[in-house]
Amino acid sequence: MAPKMTMTSRERVMAAIAGDEFDVFPAVSPTSVATIEGMRRSGASFPSAHTNGEEMAELAAVGHEEFGFDTVAPYFSVHLEAAALGAKVDWSDQTSTPQVMATAFHSLDEFAIPDNFLSRFEFQQLLRALRLLRKRFRGEVAVIGKVIGPWTLAYNLYGVENLILDTILEPVKTRALIEELAKVPLEFAKAQFEAGADIITWADHVTADLVSAKIYEEFVMPVHARVTRILQQYGPLILHVCGNVADRFPLFIKAGFKCFHMDSRNDIAEAVAMAGDRIKIVGGINNPLTLSQGTPAEVRREVEYNLACGVQMIGPECAIPTSVPTENLKTLVQTVHSHSPETVKKLQDYGRKKS
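**Things to note about the pattern of salt bridges**
Opposite charge on two side chains permits them to pair, given that their charged atoms come into close proximity. Tallying each qualifying case throughout the model produces 18 salt bridges. Ionic pairing is found between Asp109 and Lys173, a salt bridge with its closest N-O pair at 3.2 Å. Of this pair, Asp109 sits in the loop between strand E3 (99-102) and helix H5 (121-137) while Lys173 sits in helix H8 (residues 171-181), placing them 64 residues apart in sequence. Taking the relative accessible area as the measure of exposure, Asp109 reaches 58% and is therefore exposed. Of the charged contacts, one joins Arg226 and Glu179 as a salt bridge, the two residues approaching to 3.0 Å between their closest N and O atoms. Residue Arg226 is found in helix H10 (residues 213-231), and its partner Glu179 is found in helix H8; the two are separated by 47 residues along the sequence.

**Topic: the layout of surface pockets**
As a volume, the largest pocket reaches approximately 760 Å³. As for the largest pocket, its lining consists of 34 residues, and the residues nearest its centre are Val78, His79, Thr97, Pro98 and Ala319. Contributions of two or more residues to the lining of the largest pocket are made by E3 and helix H6 (150-158). Top contributing element to the lining of the largest pocket by residue count: H6, with three residues. Volume-wise, the second largest pocket comes out at about 310 Å³. Taken together, 17 residues line the second largest pocket, and the ones lying closest to its centre are Val272, Gly310, Val311, Gln312 and Gln348. Of all the secondary-structure elements, those providing two or more residues to the lining of the second largest pocket are helix H12 (268-275), strand E8 (280-285) and helix H16 (341-354). Considering each element in turn, the lining of the second largest pocket owes the most residues, four residues, to H16.

**Topic: the pairing of E8**
Judged by how many residues are buried, E8 sits mostly within the fold: six of six residues are covered. Across four bridges, strand E7 (residues 259-262) lies against E8 in parallel orientation. Considered in E8, the bridge of Cys259 is made with Lys280. Between the parallel pair E7 and E8, the chain is carried across by H12, and the sense of this crossover is right-handed. In terms of strand pairing, E8 meets strand E9 (residues 313-316) through four bridges, oriented parallel. Across the sheet, the residue bridging to Ile285 is Pro316, located in E9.

**A few points about the packing of H6 against H8**
Where H6 meets H8, the closest approach of the two axes is 9 Å, and the angle between their N-to-C directions is 105°. When the axis of H6 is compared with that of H8, the two are roughly perpendicular. The segment H6 lies against H8, with Pro150, Trp151, Leu153, Ala154 and Leu157 engaging Leu177, Ile178 and Leu181.

**Side note on the nonpolar core**
By size, the foremost hydrophobic cluster in this structure holds 123 residues, and its most contacted members are Trp151, Leu157, Phe249, Phe252, Phe260 and Leu332. It is H10 that contributes the most residues to this core, nine residues altogether. With residues up to four places along the chain from it excluded, the contact list for Trp151 reads Leu163, Thr167, Ile178, Asp204, His205, Val206, Val211, Ile215, Phe219 and Val220.

**Some points on empty space enclosed by the protein**
Scanning the model with the defined rule gives one cavity of 30 Å³ or more in all. Empty space within the largest cavity amounts to approximately 40 Å³. Taken together, Val33, Ala34, Leu59, Ala60, Gly63, Ala73 and Phe76 make up the full set of residues lining the largest cavity. The residue makeup of the lining of the largest cavity, split by class, is six nonpolar, one polar and no charged.

**Overview of the sheet that holds strand E6 (residues 237-240)**
The strand order across the open sheet formed by seven strands is E1-E4-E5-E6-E7-E8-E9, and the pairing between neighbours is parallel. The sheet terminates laterally at strand E1 (71-72) and E9, the two strands that pair on one side only. Relative to E7, E6 runs parallel, the two being bridged by three bridges. Bridging from a neighbouring strand, Ile238 pairs with Cys259 of E7. Across the sheet, helix H14 (residues 296-309) touches E8 and E9, and the angle it forms with E8 is around 160°.

**As for H8**
Turn by turn, an α-helix covers 3.6 residues, leaving residues three or four places apart pointing in a common direction. Burial in H8 covers these residues: Thr174, Leu177, Ile178 and Leu181. Burial along H8 is one-sided: seen end-on, the buried residues are contained in an arc of 95°. Residues of H8 that are buried in the fold lie against H6, helix H7 (160-169), helix H9 (183-195) and H10.

**Section: the side chain of Gln192**
Tracing the backbone shows Gln192 in helix H9. Taking relative accessible area as the criterion, Gln192 reaches 0% and is therefore assigned buried. Once residues lying within four places of it in the same chain are set aside, the contact partners of Gln192 are Leu126, Leu127, Leu130, Gly145, Lys146, Val147, Ala197 and Ile200.

**So, unusual backbone geometry**
The omega torsion across Phe46 and Pro47 is 10°, close enough to zero to call that bond cis. Among the secondary structure elements, Pro47 is positioned in the loop between helix H2 (36-42) and helix H3 (53-65). The backbone of Asn116 shows a phi angle near 50°, a positive value even though the residue is not glycine. Examined against the element boundaries, Asn116 turns out to sit in the loop between E3 and H5.

What counts, and at which threshold
Each chain carries its own residue numbering, running from 1 in the written order of its sequence. The predicted origin of the model limits local features to residues at a pLDDT of at least 70 and limits the giving and counting of side-chain atom pairs to 80 or more, whereas totals for whole chains, interfaces and linings rest on all residues. Values reported for side chains reflect all heavy atoms of the structure, with hydrogen atoms and water molecules removed beforehand. Each reported salt bridge corresponds to a side-chain nitrogen of Lys or Arg within 4 Å of a carboxyl oxygen of Asp or Glu. Each helix corresponds to a stretch of at least 4 residues labelled H or I by DSSP, and each strand to a stretch of at least 2 residues labelled E; elements are numbered beginning at the N terminus. Only protein chains enter the accessibility calculation, which uses a 1.4 Å probe; a residue whose area is less than 20% of its type maximum is buried, one above 50% is exposed, and one in between is partly exposed. Definitions used for this entry: grid spacing 1 Å over protein atoms alone; cavity, a set of points where a 1.4 Å probe fits but cannot get out; pocket, an open set with protein on both sides within 12 Å along at least 5 of 7 lines; lining residue, one with an atom within 4 Å of a point. Grid points are joined across faces, edges and corners, and a volume is the space filled by probe spheres set on the points. Between any two strands, at least two bridges found by DSSP are needed for them to pair. We call a crossover right-handed when, viewed with both strands directed away from the observer, the connection leading from the first strand over the helix to the second proceeds clockwise. Between N-to-C directions, angles span 0 to 180 degrees; the directions come from axes that are lines fitted to C-alpha atoms, helices contributing only their stretch in contact. Oblique is the label for any angle not covered by the other classes, which are roughly parallel (under 35 degrees), roughly antiparallel (over 145) and roughly perpendicular (65 to 115). Contacts are assigned to residue pairs with any non-hydrogen atoms lying within 4.5 Å of each other. Each nonpolar core is a collection of buried residues, namely Ala, Val, Leu, Ile, Met, Phe, Trp, Tyr and Cys, held together in the definition by side-chain atoms within 4.5 Å. In this count, Pro and Cys sit with the nonpolar residues alongside Ala, Val, Leu, Ile, Met, Phe, Trp and Tyr, while Asp, Glu, Lys and Arg are called charged and the others, Gly among them, polar. The arc in question is the one traced by the directions running from the helix axis out to the C-beta atoms.

Given below as structure tokens:
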């Protein structure tokens, strides 16, 4: 018998983040769950849904109204701020990911944050989407905003190779750039909370595929520690970093993040043990294999494995490919919602007996 749902989606998510009691486990996606099927249903599609506030809200709403997630999130890429600040972005189409075609500057001395940058079109469209979602769901669904952290913003505005090379050649100027760029997500996050976001995803791709834990600790962690102190008075942050983060996960905790969006390339059980009660893990379900190509039964097994490991907010590991079938997303949500803390304890006890 399925456990009884007695809380609203928003109440369930916020309780899980705070470490309070909740009825059933929340299904949470801190990043995009936009699909081609969702675009057909909503009438909002890429590329325009990347930069049109009304379409952003319509497409995001499908995440709750059709798939059943306890959250809605209207930011579908990592390029909005870069486009607003001068990078040339190809917003692509329904099946492809947007990409930067030309950076905004070519040397560390060139860039300065423009005055009143939040008044620019792209920023205002996301704020509009958040206000529309807040009005639409009347506080019953958790609305997740998103900002791009200064390291990733530097990638998009200046180029990945340029930035990584300058950590060696121009370390002082590179630190100064990261400090300066941090003003953008900090102020944008505040504005998103004020526009109606309950939670902000802080996406910063300090992944082991590109940079060492030492570079993160020296160049980025001090900025992260400062913004987590400032933004905690506004609402919770979920740090999103793709890839295996085992060697820097303790640094994310030290920086003050209370939630982390976990990639399935990590050992989930090991990450939960490392997290303890210091940080909550979100996500964990494999996108390219399980959600995109797997059967509903395979989705169900992976969800239950993550629950048994101790993950309290289950969802896709990252922004999903737009080809993911609706059936798999609904199965993810239904499986999560079919478990309460009591039923998961039985799963965990059964797993311990088998081992």
